[in-house]
Every structure is written in C-alpha cells, then in structure tokens.
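# Report on the structure
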Amino acid sequence: MGPVACLKSVVPQVHTHRSLHAEDISSVAVLPGAKNVVLPKGDVYKSLQLLEVSKQILIENDRGGYTIPAKGLYPYQWNWDSALVALGWATLDEGRAWQELEKLFSAQWEDGLVPHIVFHQPSPTYFPGPEIWGSVEQPMGSTGITQPPVAAITVRKLYETALNKELALQKLKELFPKLLAWHRWFQSARDPENTGLVATLHPWESGMDNSPAWDEALYNVPVDQIPPYVRQDLGHVDSAMRPKQEEYDRYLTLLYRFRAVNYDCNQLYFLSPFRVTDLCTNSVLYRANLDLRWLANELGQDQIAEEVDGWIEKARSAFDSLYDEEGGLYKSKDQLTGELVTAKTSAGFLPLFARVASASQAADLAATLERWLNRVKHGIPSYDPESSNFEPLRYWRGPVWVIINWMITDGLRAYGYEDLALRVEADTYELLVSHGINEYYDPVTGAAAGGKLFSWTAAMCLAWLSKGDGAHSAAAH
Ligand SMILES: O=C(O)[C@@H](CO)O[C@H]1O[C@H](CO)[C@@H](O)[C@H](O)[C@@H]1O
C-alpha cells in the first residue's frame, strides 16, 4: 500500500462536496495557491487528521442551519461564533455557510439588534436561558444584548471567494439590508451622543466576558436583590477556568435591569451601570464597516456607502483616544468614569485587524506583541503575561483563543509584519495538532481548556490554518 492509500484508509472521510480525495492529500500538505505554507510538509497525517476532525466537529455541532459552539456548555446559536463558523462551513459547503448567517439574522429585532444568543430550541444545559431573558408576559427567543459584529466581514469573505457566484449575489442582496440595520442600530443605540465609538453595556456583549479590562467597571455595579440561581457552566467546566460568583451576580444584575425596561435600546445606554468602550467590539465594527462600505459599492448603493463612510471617519479619529503610547497598545475605556482601563489585553492589538492603527502605532503593537510572545510558550495570551494577576487558565484572563489569533494575524499581515504573522500561525497550528480543537488553551503549557470539540476553533482550522488565509483586501486605513 502506497503512502497515499495508507493515509486514506486511516483518515475518516466526511461526505461534503469538498471531501478529501487522494489528489488533495498533497495539496493539504503543501498548500499550493496559499499565500503562505502553514502545515508542515512532513506531517501530512496530522494535518489531514486535524482537517477531518474539524469537519466532523462542525457536522456534529450542526443543529440544522446553525451551529452550536460546543455540546452541553453552549447549546444555542451564538452571534459572533456563528459568523466565524460560517467561514469554516464555506470551505465545505457554501450554501450551508450562508444558511448559518440567515439563521442568525432570522432573530434580528425590529430595532436592528442582532442578539448575542438565539434560543432556537430549548435546552436544560445552559443558564441563563430564555426563561430568564424573557418573562411570562414577554417570552424571548433570544437575549436582549448583542456581540461583536463579525457578520459583515464574513459576508464579504463569502461573497469574494464564492464558487457559486449567483448564489452569493442573491444571498448578499438578502443579507445586506439586515447588516445595514444592525450597523445603524450600533450608531443610534450604542453611540447616541455621537462620539464615534460605540458602547458595550454588558461584559457578555464584549465576547471577552470576564476580561480583566472589565474588573473596575464591573465591580462598580451594585449587586441587586436578584432571584436565586444555579449556574450550569460549572457543571461542564472547572470553576478555576470560569468567572467568579461575584462577577456572575453582576452579570445577572445587569440582565434583570435591562429586562425591567424590556431591553428598550433608547433607555439602556443611559441607565446601564456598566458602560465601556470595548476595543474588541469597536475594532470588529470598524473593520465590518469597511467591509459593509465595500459591499454597498459592489451593490451600487452609493448613498449607503457614504453613510457608512461617515461612521468610519468619525471612528478613525476617536480611536486615537484609546491609544496608550506608554503601554505600547490600545486600551478599552470605562465610559462612566472617563478613564482608560488599566488592563492590557489581547483586544489591544485588534486595531490592527480594524486597519485603524497608524504605521507607527502598528510598529509599537508589533513590538509589544513580540514581548508577550517571548514570555509564553504559546501565543497569543488574552492578558498581559507580565501582569501580576495573569491567570493562564481562567476565562479571558490569560488563555489563548484561536479566533483572536486569526484576527491579530490578519492585521499583522496587513501592516507588513509577515514574520510575526507566520510565527503566530505556526504556533497556533502546533497548539491544535498537539492539544486538539478546544475552546481555549493555556499559553504557558499549551494544555487545552474550556469546552471540547469547539466549533469556532474548528472553523479557524478549516478557513485559516489550512489555507494560509491572510488579510483580504479590506480598504487600508
Ligand atoms: O461564557 C458564556 O457563557 C458565554 C456568554 O455569552 O460567553 C463565552 O462563550 C461564547 C460562546 O462561545 C462566546 O461567544 C463568548 O465570546 C464567550 O467566550
């Protein structure tokens, strides 16, 4: 039996329209056409196995048009997870990738909000579920907050790389008004004072839930008399890796306060005791606006392109107020105190993904990142590894997230830091090969942590690491 036949017999085949065939094996190993070679040539088996496992994870986590992040721990459709997972689906089945976004936008609210979780089917394994977000009078099919708006970035990528151009144009036309409504909602509901940057009103909205960036702002939230509750997350994951009880009490306090006004977007900005300018949300939104403008131009919607341009212009100058020159990276801001937060987190590099950093800011960010990488075995830690309260295993307070590695790598490449981008890519690949497809990883040991067989990590493996998918052509800063 030759090596190719031998590999085929041990690697499980998945029946999608792009299943691996014998001739693909060399292409997976050497990646012709890729902008850079990530997968080591001598390690074909591991590479193939990783791809097949990634496909299997998406298939296993598919709930009929949408993908749950991980069984048990996250049994519903999450907003930015789905937008990133769609990039993975696109490598297997373009129709299925578009469907992921359609399902997400099927839950869009009348005011334009696209919720952070959509409760398509009941599940007893997650708290707080629909019964907490809704009420007897107003049952809810979703949460009443949002998440970083990745979807427009995904739509552009799917559209530009589509093999089925006709389908892509049709889906773009259907999704465009929904994307626009969501981005307009960000402007009106989350920047009613016209500052150029949007507010985040709940740590869950930031996607980096218990990042040290929120410590000061969150601990300023008084804990209300809230109904007793039982956390489900601790039944799935060790408590040492999850937010603490005093943080959860505040998450719930905010939820009940928002629910008391039925999540009225005109009131929430003014009444929330937690209001921050989150770098992750603002960087993703900035980049998504570049892509939305590109899509508007593609559809010949000049007036809309101009409107989006106005948001981009305003945000560009406002971003400078988040730059910490001494720290060599960007920082989030507590809007209620007006202070930049003290914590240096991986979100501080995301203005590279946005293309909003200047060349000299990018050089500082690259230098800071290099210093961080030299302190750990596996990058990119979510929190400054030089910090005294760096926790390599606790949720967003140290661990590595592959989706953030993708975003930062994409940004590094756009600014010409190819070697650094390759270093992060190779490191990420090594993490996945050695430790599997998990929610996150310990940057000191590489150990996998959090939820297992995790969808967005699998999607990044398919869409990024196997393709060497660097920066696409989002308009430069
Ligand atoms: O901890 C949780 O229960 C959820 C709440 O939304 O957040 C985490 O999990 C979600 C699902 O992967 C992610 O979207 C978030 O960014 C975060 O990592």
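In this text, all values refer to a predicted model and were calculated from it rather than measured experimentally.

Across its full length, the protein holds 20 helices and nine strands. Burial statistics for the protein: of 477 residues in total, 62% are counted as buried. Within the protein, residue pairs in contact and separated by at least 24 positions form 72% of the contacts whose partners lie at least 6 positions apart. Here the protein has roughly 17,400 Å² of accessible surface; of this, 52% comes from carbon and sulfur atoms.

A few words now on the site of the ligand. The environment of the ligand is made up of 16 residues, and the closest members are Asp 81, His 116, Tyr 126, Gly 207 and Asp 209. Within the side chain of Tyr 74, an N or O atom sits 3.3 Å from an oxygen atom of the ligand. Within the side chain of Asp 209, an N or O atom sits 2.7 Å from an oxygen atom of the ligand. Relative to its free-state accessible area of 410 Å², the ligand is covered by the protein chains to the extent of 99%.

Quick look at the packing of aromatic side chains now. What the rule picks out here adds up to 31 aromatic pairs. Arranged with centres 4.7 Å apart and planes meeting at 80°, the rings of Tyr 76 and Phe 119 form a pair that is edge-to-face. One end of the pair, Tyr 76, is in the loop between α3 (44-61) and β1 (77-78); the other, Phe 119, is in the loop between β2 (117-118) and α6 (130-133), and 43 residues separate them in sequence. For the pair Tyr 76 and Phe 119, one class covers both residues: buried. When the ring of Trp 185 is compared with that of Phe 186, the centres are 5.1 Å apart and the planes differ by 75°; the resulting orientation is edge-to-face. Each member of the aromatic cluster is reached from another via a ring pair, and the members are Tyr 74, Tyr 76, Trp 78, Trp 80, Phe 119, Tyr 126, Phe 454 and Trp 456.

Attention shifts here to the pattern of salt bridges. According to the stated counting rule, one finds 26 salt bridges in the structure shown. Between Glu 102 and Lys 171 there is a salt bridge, with its nearest N and O atoms 2.7 Å apart. Of the two residues, Glu 102 is situated in helix α5 (residues 94-105) and Lys 171 in helix α8 (residues 165-190); the sequence distance between them amounts to 69 residues. By relative accessible area, Glu 102 is classed as partly exposed at 26%. Overall, the relative accessible area of 13% leaves Lys 171 in the buried class. Residues Glu 174 and Lys 171 are paired through a salt bridge, measuring 3.8 Å at the closest nitrogen-oxygen approach.

Another point: helix α19 (residues 418-435). Under the 1.5 Å per step criterion, the end-to-end length of α19 is 25 Å for 18 residues, consistent within 8% with the ideal 26 Å. For α19, the set of buried residues is Leu 420, Ala 421, Val 424, Glu 425, Asp 427, Thr 428, Tyr 429, Leu 431 and Leu 432. Positive phi appears at Gly 436, one or two residues downstream of α19, with a value of about 85°.

With their axes 12 Å apart at the nearest point, α19 and helix α20 (residues 455-465) run at an angle of 135° to one another. The orientation of α19 relative to α20 falls into the category oblique. Considering how the two elements wind past one another, α19 and α20 form a crossing that is left-handed. Two secondary-structure elements touch here, α19 through Glu 425, Thr 428, Tyr 429 and Leu 432 and α20 through Thr 457, Cys 461, Trp 464 and Leu 465. Classifying every residue of the contact of α19 with α20 by side-chain character gives five nonpolar, two polar and one charged.

This part covers helix α18 (residues 402-414). Between its first and last C-alpha atoms α18 spans 18 Å; for 13 residues at 1.5 Å apiece the expected length is 18 Å, and the two agree. Burial analysis of α18 places twelve of its 13 residues in the buried class, which makes it a mostly covered element. Every buried residue of α18 is accounted for by Val 402, Ile 403, Ile 404, Asn 405, Trp 406, Met 407, Ile 408, Thr 409, Asp 410, Gly 411, Leu 412 and Arg 413. Gly 416 sits one or two residues past α18 and shows a positive phi near 90°.

So, how was this worked out
- Residues numbered from 1 in each chain as written.
- Predicted model: local features only at pLDDT ≥ 70, side-chain atom pairs only at ≥ 80, totals over all residues.
- Heavy atoms only, no water.
- Helix = DSSP H or I, 4+ residues; strand = E, 2+ residues; numbered from the N terminus.
- Buried < 20%, exposed > 50% of the residue type's maximum accessible area, 1.4 Å probe, protein only.
- Contact = heavy atoms within 4.5 Å.
- Areas by Shrake-Rupley, 256 points an atom, 1.4 Å probe, with all protein chains shown as cover.
- Near = heavy atom within 4 Å.
- Polar contact = N/O pair within 3.5 Å; in protein donor to acceptor, adjacent residues only side chain to side chain.
- Phe/Tyr/Trp six-rings, centres within 6.5 Å; stacked < 30°, edge-to-face > 60°.
- Salt bridge = Lys/Arg side-chain N within 4 Å of Asp/Glu carboxyl O.
- Expected span 1.5 Å × (residues − 1).
- Axes fitted to C-alpha atoms, helices over the stretch in contact; angles between N-to-C directions.
- Parallel < 35°, antiparallel > 145°, perpendicular 65-115°, else oblique.
- Left-handed = near helix turned anticlockwise from the far one by under 90°.
- Nonpolar A, V, L, I, M, F, W, Y, C, P; charged D, E, K, R; others polar.

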